[in-house]
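Inside the fold
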Amino acid sequence: MSKFRLLHSTLALSLLLAPPAALAQNAPAPAPAGPSAEDIARVNAPLPPAEAAMKAHVMFLASDAMKGRDAGSPEYDIAAEYVASQYYAAGLRPAGDNGSYLQMVPLLSFRPADKGTLTVTRRGTPVTLEFGKDYIPGSDPEKLSTLVDAGVVFAGYGIVAPQYQRDDYKGVDVKGKIVAIFAGAPGSFDGEERAHFGNNANKAVIAAKKGAAGVILIETPGSPRPFARQVDFWNDWRMTWADAQGNGHLPAKGTPTLASLSTAGAAKLFGDDKGWAAATKAVADGKPQLKPFAARATLAAALKTERKMVKSPNVAGIIPGSDPKLKDEVVVLTAHLDHVGVGRPDAKGDTIYNGAMDNAMGIASLIEEAKRFQASGKPPRRSVMFLAVTAEEKGLIGADYFAHNPTVPKDKIVANVNLDMPVITYKFEDMIAFGAARSTLGDIVARATATVGVGVGTDPMPEQGFFVRSDHYRFVQQGIPSVFLWPGMAGVGREAFDRFLASRYHRASDEITNPEILWDQGVRFIEANYVIAREIADADQRPAWKKGDFFGTLYNGYGAK
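From a predicted model like this one, the values you see are computed outputs, not experimental measurements.

**Brief notes about the overall build of the chain**
For the chain, the helix and strand inventory stands at 15 helices and 19 strands. Taken against the 2.2 N^0.38 rule, which gives 24 Å for 561 residues, the C-alpha radius of gyration of the chain at 24 Å falls within 12% of a compact globule. In terms of its C-alpha atoms, the chain occupies a principal-axis envelope of roughly 75 × 60 × 50 Å. Classification of the 561 residues of the chain by burial places 59% in the buried group. Considering only intrachain contacts with a sequence separation of at least 6, the fraction spanning at least 24 residues in the chain is 82%. For the chain, the accessible area works out to roughly 21,100 Å², and carbon and sulfur atoms hold 54% of it. Measuring between centres, the 62 positive side-chain charges of the chain sit 6 Å from its 60 negative side-chain charges.

Next comes the structure, spelled out in structure tokens:
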């Protein structure tokens, strides 16, 4: 599960707390204590065959030898070869590059090469903003050197949402200008749509469509991620995928995110503009609507970007469909294989972030689901692809690359079902299917969950933006009906989930030695996912977006219009 709400195409990873692996220290750490005798006995205790099969994958993928499966690392490559071997054993055919199981993803890491400069000119007087106090620079994956000198337009939260009677650009022309926006989205929005509109990469896309030359992000008053905490991570590496020319993919093509401004920096930019005073007062008063205005100052931003390339594979296997009329249609099942690598030592001196729950469990579920298809003796009517993706933790990069460069015809991909960080530390009483209600997949999910004796719950934490934080979202952006499945929060579920987030998520303690793991619940999770995938693959009709659905309409999905 990606820790980043803001995705790879913007200032993205520097605007949030970096994952623990990004905080690795050079200072020597105490040698970690080895597993206790109790831990060893628990890990090696016999289990029923279905539970043991799932656990065996996690034992390997989340072992210390894999060093946290960081995308681009040798250990990740070993993990990818392991998954490929399991696909082969399960009878899947290769669906990667050149007849192999691997689709190589050209990953481009990028970061500011220096602190850059931002100069505000008002009434002919230039004022240079102060790094670390007024601004932190962005970086541009498309160019090594970026210079934008233009007028500035404040556009509220940068949202255009007709269904909410909202247009933050109403009455202003931003063509050739720099757009200044607050982070986030109003709490009155639907949870999944709020997550979408609150995503800074999507805001940059809107700005780009309106002809903006660049975007700057302004510290939102009262934000849980204040500017002062962002400064520590200003030159962390971000990541995207590279095109054939070696340039970074940017959804807001030609409209880079130039910088993030503190409230002090914004005050210097807007000065005594009445519109800025009105906007800050509206935010302080909790008013969601902010009036756009053109600033009386111009801004010159000069940035340099450092880049480096590395390759890391997605792993793709496929079960060919059996129905002559439907076999060319493909249901894609996804789980991310990467985790966050090696980082800051915990209290025990452990520096390896093993990623057992996140997401060795999802990969184990994917492999065992493939085995169930083959063991059934009944090939699916549609083809079913099993796709382990790389660099999810860097911003859903592997999934985005596949969604733009699929190894099967894109117009034949009819659905995506995503498995990411199933927390199986409790007997789940419901399942959450992010995105299910937006398409005919919702009915399929409801029938499938009933087979394991549970219902379908609702998003318990819409403010977390989970809908845009996992790989299915990249398929949604290509107009493909998609769902992201989790054990639900009913009964003791919420308490157990919160405990995992607080004590193990993106920590060295996310290990197979976790005494709370219930492998029988993992088998229930696999069973529900298998039933969902089987029904999608065998149905007479392909999944369709519900008429008028926001995401289906926005991305021109099947059935939405």
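Next comes the rest of the write-up.
**Thoughts on the packing of helix H3 (residues 74-89) against helix H9 (residues 356-375)**
For the pair H3 and H9, interaxial distance at closest approach is 9 Å and the crossing angle is 15°. When the interaxial angle is binned, H3 and H9 end up roughly parallel. Here H3 and H9 pass one another in a crossing that is right-handed. Here Val83, Gln86 and Tyr87 of H3 lie close against H9, whose contacting residues are Ile363, Leu366, Ile367 and Lys371. Looking at side-chain class alone, the contact of H3 with H9 contains five nonpolar, one polar and one charged residues.

**Some thoughts on the pattern of salt bridges**
This model, assessed by the stated rule, comprises 30 salt bridges. Of the charged contacts, one joins Glu306 and Arg111 as a salt bridge, the two residues approaching to 3.1 Å between their closest N and O atoms. Here Arg111 lies in strand S2 (residues 102-112) and Glu306 lies in strand S13 (residues 293-319), a separation of 195 residues in the sequence. What makes Glu306 partly exposed here is its relative accessible area of 31%.

**Let's talk about the nonpolar core**
Counting 126 residues, the largest nonpolar core has Tyr87, Phe270, Val315, Leu337, Phe386, Leu485 and Trp486 as the members making the most contacts within it. Residues within four places of Val315 in sequence aside, it is in contact with Ala80, Val83, Ala84, Tyr87, Tyr101, Leu102, Leu337, Phe386, Leu387 and Ala388. Within the second largest apolar cluster, 14 residues are counted, among which are Ala95, Val330, Leu387 and Ile413.

**Brief notes about the environment of Leu250**
Summarising the element assignment, Leu250 is placed in the loop between strand S11 (238-241) and strand S12 (257-261). Taking the C-alpha atoms as reference, Leu250 lies 8.9 Å from Ala201; in sequence the two are 49 residues apart.

**Description of the pairing of strand S6 (residues 145-154)**
Of all 10 residues in S6, seven are buried; the element is thus mostly enclosed. As paired elements, S6 and S13 share nine bridges and run antiparallel to each other. Each bridged residue has a counterpart across the sheet, and for Thr146 the counterpart in S13 is Leu303. As defined by bridge partners, S6 adjoins strand S9 (residues 178-182) across three bridges and the pair is classed as parallel. In the sheet register, Val152 faces S9, and the bridge partner there is Ile178.

**Some details on helix H10 (residues 397-404)**
The buried fraction of H10 is high, at seven of eight residues. Considering only its buried residues, H10 is in contact with S2, S11, S13, strand S15 (383-389), strand S16 (413-419) and helix H12 (472-476).

**A word on the side chain of Thr425**
By secondary structure assignment, the location of Thr425 is in the loop between S16 and strand S17 (430-434). Setting aside anything within four residues of it in sequence, one finds Thr425 in contact with Met357, Ala496, Asn514, Glu516, Ile517 and Leu518.

**Considering the packing of aromatic side chains**
One pass over the structure, following the stated rule, counts 29 aromatic pairs. Ring centres of Phe60 and Tyr82 lie 4.6 Å apart, and the angle between their planes is 20°; on these two criteria the pair is classed as stacked. Here the residue Phe60 occupies a position in helix H2 (residues 49-61), and Tyr82 occupies one in helix H3, the gap between them amounting to 22 residues. By relative accessible area, Tyr82 is classed as buried at 16%. Aromatic side chains Phe434 and Trp486 sit 5.4 Å apart centroid to centroid with 80° between the ring planes, which places their arrangement in the edge-to-face category. Taken together, the residues Phe434 in strand S17 and Trp486 in strand S19 (residues 482-487) connect sequence positions 52 residues apart. The buried category is assigned to Phe434, whose relative accessible area is 1%. On the basis of relative accessible area, Trp486 is assigned to the buried category, the value being 1%. Chaining the aromatic ring pairs together yields one cluster made of Tyr164, Phe189, Phe197, Phe467, Tyr473, Phe550 and Phe551.

**Focus: unusual backbone geometry**
With the exception of glycine, most residues fall at negative phi, and the peptide bonds are largely trans. Note the cis peptide between Asp358 and Asn359, where omega equals 10°. For Arg69, which is not glycine, the phi torsion reads 50° and is therefore positive. Turning to its location among the elements, Arg69 is positioned in the loop between H2 and H3. Arg69 gets classed as buried once you look at its relative accessible area, which sits at 0%.

**Digging into H9**
For H9, the buried fraction is high: 16 of the 20 residues fall into the buried class. One or two positions beyond H9, positive phi appears at Gly377, with a value near 75°.

**Quick look at the packing of H9 against helix H14 (residues 519-538)**
One way to put it is that H9 packs onto H14 with a least axis distance of 9 Å and a crossing angle of 55°. Relative to H14, the element H9 lies oblique. Note on packing geometry: the crossing formed by H9 with H14 is right-handed. Residues Met361, Ser365, Glu368, Glu369, Arg372 and Phe373 of H9 form the contact with H14, whose participating residues are Trp519, Val523, Phe525, Ile526, Glu527, Asn529, Tyr530, Ala533 and Arg534. Here the contact of H9 with H14 is built from residues that sort into eight nonpolar, two polar and five charged.

**With respect to the environment of Gly214**
With respect to the secondary-structure elements, Gly214 resides in strand S10 (residues 214-218). Residue class for Gly214 comes out buried when judged on its relative accessible area of 0%. The spatial distance from the C-alpha of Gly214 to the C-alpha of Ala252 is 9.3 Å, given a sequence separation of 38 residues.

So, how was this worked out
- Residues numbered from 1 in each chain as written.
- Predicted model: local features only at pLDDT ≥ 70, side-chain atom pairs only at ≥ 80, totals over all residues.
- Heavy atoms only, no water.
- Helix = DSSP H or I, 4+ residues; strand = E, 2+ residues; numbered from the N terminus.
- Rg over C-alpha atoms; globule rule 2.2 N^0.38 Å.
- Buried < 20%, exposed > 50% of the residue type's maximum accessible area, 1.4 Å probe, protein only.
- Contact = heavy atoms within 4.5 Å.
- Areas by Shrake-Rupley, 256 points an atom, 1.4 Å probe, with all protein chains shown as cover.
- Lys, Arg positive; Asp, Glu negative; His and termini not counted.
- Charge placed at Lys NZ, Arg CZ, Asp CG, Glu CD.
- Axes fitted to C-alpha atoms, helices over the stretch in contact; angles between N-to-C directions.
- Parallel < 35°, antiparallel > 145°, perpendicular 65-115°, else oblique.
- Left-handed = near helix turned anticlockwise from the far one by under 90°.
- Nonpolar A, V, L, I, M, F, W, Y, C, P; charged D, E, K, R; others polar.
- Salt bridge = Lys/Arg side-chain N within 4 Å of Asp/Glu carboxyl O.
- Core = buried A, V, L, I, M, F, W, Y, C linked by side-chain atoms within 4.5 Å.
- Pairing = 2+ DSSP bridges.
- Phe/Tyr/Trp six-rings, centres within 6.5 Å; stacked < 30°, edge-to-face > 60°.

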